[in-house]
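# Observations on the model geometry
Listed below, chain by chain, are the residues.
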Amino acid sequence: MAARKAVESFSKLIEEVPRWGAMKPTGVSLRYMMEFGSKPNDKNLMIAAQFLHKELPIRIARRALELESLPYGLSETSAVLKVRDWYLDSFRDVRLFPEIRDSNDELAFTEMIKMIRLRHNHVVPTMALGVQQLKKDWGPNASLEELDEIHRLLDRFYLSRIGIRMLIGQHVALHDPDPQPGVVGQIHSKMSPMEAAEIASQDARAICYREYGSAPDVQIYGDPNFTFPYVPTHLHLMVFELVKNSLRAVQERYMSSEIDPVPVRIIVADGIEDVTIKISDEGGGIPRRGLPKLFSYLYSTAENNLNELFNGGANAGVTMAGYGYGIPISRLYARYFGGDLQILSMEGYGTDAYLHLSRLGDSQEPLA
Ligand SMILES: Nc1ncnc2c1ncn2[C@@H]1O[C@H](COP(=O)(O)OP(=O)(O)OP(=O)(O)O)[C@@H](O)[C@H]1O
Ligand SMILES: [Mg+2]
């Protein structure tokens, strides 16, 4: 009896998805998050939770609907159905949560959205698996337009996911009872890009070491005292991905050579509008023909171990390369706060990645 009731109330809730999905999401800028989060007292946390209580179902419903109407049969792949169910479960969790009236409600709500974030941890590789299933069916006959359409959809979908995770992560992080000076939730108002680049490079080198038994040096140039407001985890992710690519290219090029590998160079420039981080390597570059494919979620020259990741195989986890979305995902993280990523290459010599980060942080979230 209770089970039937639960099923009935679940399907009632699911009927609400189109209505919520039709509502307009509200964008939040980095600056706004920083100002709002600078006084995380009980009252402000309650206001923030009440906002999320209304905002999250809108954003989640929009993505659930999108997942149901993907082209080329992508919506019917088992991987995408799984992701869609995660979104529906999360929609239900937020909608079933009663009105937030006091601090206890707020704490319970925070625990619940923490769970949601955990549930969605593997959305990106799972979606990639779905796209791969489709690609296999297509064989080599997929047209450029078809691929383009899939890329645009995935870009929009992942960008929105970054937004949802930022909102949840920020709210959860504001509960830290003893934040470091300058830290507002996930934002560091005085983040040193050099320091962040150093940590990300060390992490990338550690993985390179694990896979190849050695790792080229990474040299970082810039003003060590320069800081600006940004989200350190986002910068870490981007620099980590780009350095990993550079290390792999350099390592592969020099592996069977007597000469010592040329270090990867990172240059941090603080402009008025942008902070730009250039990651340069002499790893032999990328053929011009391959450049347009760089931002594709379907392109990698590494052996693909998505299936292994999915099945929790021995090599599951972070590897040097293999999924083909290091570059496109990094660009989305940059764009999320108004920045961008460009890649230039000289075939036969090396590659330069320009990571532009918007300094003002005023840009509104890109919403879809
Ligand atoms: N610095 C570089 N030098 C040479 N080739 C590069 C460089 N950066 C990227 N590439 C090429 O672009 C491809 C795509 O890079 P991307 O980071 O998106 O995916 P990946 O490294 O293959 O896998 P992962 O998802 O694990 O990052 C790589 O497989 C590689 O062939
Ligand atoms: Mg990569």
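Just so it is clear, the structure is predicted and the values come from calculations on it, not from any experiment.

Let us look at the overall build of the chain. Looking only at helices and strands, one finds twelve helices and eight strands in the chain. By the compact-globule yardstick of 21 Å for 368 residues, the chain fits well, its C-alpha radius of gyration being 22 Å. A principal-axis box enclosing the C-alpha atoms of the chain has dimensions of 75 × 50 × 35 Å. Scored against the burial criterion, the 368 residues of the chain give a buried share of 36%.

Attention now goes to the pairing of strand β6 (residues 274-281). The alternating pattern of β6 places Val-275, Ile-277, Ile-279 and Asp-281 on a buried face and Asp-274, Thr-276, Lys-278 and Ser-280 on a face that is not buried. Bridge analysis of strand β5 (residues 264-270) against β6 gives six bridges, and the strand direction is antiparallel. Counted as the bridge partner of Ile-267 is Lys-278 from β6. The hairpin turn running from β5 into β6, its antiparallel successor, is three residues long. By the bridge criterion, eight bridges tie β6 to strand β8 (residues 350-358) in an arrangement that is antiparallel.

Another point: the pairing of strand β7 (residues 340-346). Moving residue by residue along a regular strand, the side chains alternate between the two faces of the sheet. Here β7 runs beside β8; their pairing, made up of seven bridges, is antiparallel. In the strand pairing of β8, Leu-344 is matched with Asp-352.

Let us look at the environment of Asn-225. Mapped onto the fold, Asn-225 is located in the loop between β3 (218-221) and β4 (228-230). On the basis of neighbour counts, which here come to 7 C-beta atoms within 10 Å, the residue Asn-225 falls in the exposed class.

What follows is about unusual backbone geometry. Non-glycine residue Tyr-72 carries a positive phi angle of around 60°. Mapped onto the elements, Tyr-72 comes out in the loop between α4 (42-68) and α5 (78-96).

All right, on to the domain arrangement of the chain then. Split into domains, the chain comes out as domain 1 (2-183) and domain 2 (186-358). Computed over C-alpha atoms, the centres of domain 1 and domain 2 are 27 Å apart. Going through the elements one at a time, α3 (30-37), α7 (123-138) and α8 (144-173) are the ones with two or more residues in the side of domain 1 that touches domain 2. Considering each element in turn, the side of domain 1 that touches domain 2 owes the most residues, eleven residues, to α8.

This part covers the sheet that holds β4. Pairing is antiparallel across the open sheet formed by three strands, whose spatial order is β1-β2-β4. The sheet terminates laterally at β1 (183-184) and β4, the two strands that pair on one side only. Where strand β2 (residues 187-191) meets β4, two bridges bridge the pair, whose relative direction is antiparallel. Bridging from a neighbouring strand, His-188 pairs with Tyr-230 of β4. Strands β1, β2 and β4 of the sheet are contacted by α3, whose axis makes an angle of about 100° with β2.

This next bit is on the packing of α4 against helix α6 (residues 103-119). Where α4 contacts α6, the axes come no closer than 10 Å and their chain directions differ by 50°. Overall, the two elements α4 and α6 adopt an arrangement that is oblique. At the point where α4 passes α6, the crossing takes the left-handed sense. In this structure, α4 uses Asp-42, Leu-45, Met-46, Ala-49, Leu-52 and His-53 to contact α6, whose residues at the interface are Ser-103, Glu-106, Phe-109, Thr-110 and Ile-113.

This part covers helix α9 (residues 193-212). Relative to the 28 Å expected for 20 residues at 1.5 Å per residue, α9 spans 28 Å between its end C-alpha atoms, a close match to the ideal helical length. Lining the buried residues of α9 we find β2, β3, α10 (232-254), β5 and β6. The positive-phi residue at the C-terminal boundary of α9 is Gly-213, with phi of around 85°.

Take the nonpolar core next. Counting residues in hydrophobic clusters, the biggest one holds 79 residues, and the most contacted among them are Ile-60, Val-239, Val-243, Ile-277 and Leu-355. Built from parts of two domains, this core gets at least three residues from each of domain 1 (2-183) and domain 2 (186-358).

Each value, and the rule that gives it
- Residues numbered from 1 in each chain as written.
- Chains lettered and ligands numbered in written order.
- Predicted model: local features only at pLDDT ≥ 70, side-chain atom pairs only at ≥ 80, totals over all residues.
- Helix = DSSP H or I, 4+ residues; strand = E, 2+ residues; numbered from the N terminus.
- Rg over C-alpha atoms; globule rule 2.2 N^0.38 Å.
- Buried ≥ 20, exposed ≤ 12 C-beta atoms within 10 Å, placed from the backbone.
- Pairing = 2+ DSSP bridges.
- Domains from an automatic or database assignment.
- Contact = placed C-beta atoms within 7 Å.
- Axes fitted to C-alpha atoms, helices over the stretch in contact; angles between N-to-C directions.
- Parallel < 35°, antiparallel > 145°, perpendicular 65-115°, else oblique.
- Left-handed = near helix turned anticlockwise from the far one by under 90°.
- Expected span 1.5 Å × (residues − 1).
- Core = buried A, V, L, I, M, F, W, Y, C linked by C-beta atoms within 7 Å.

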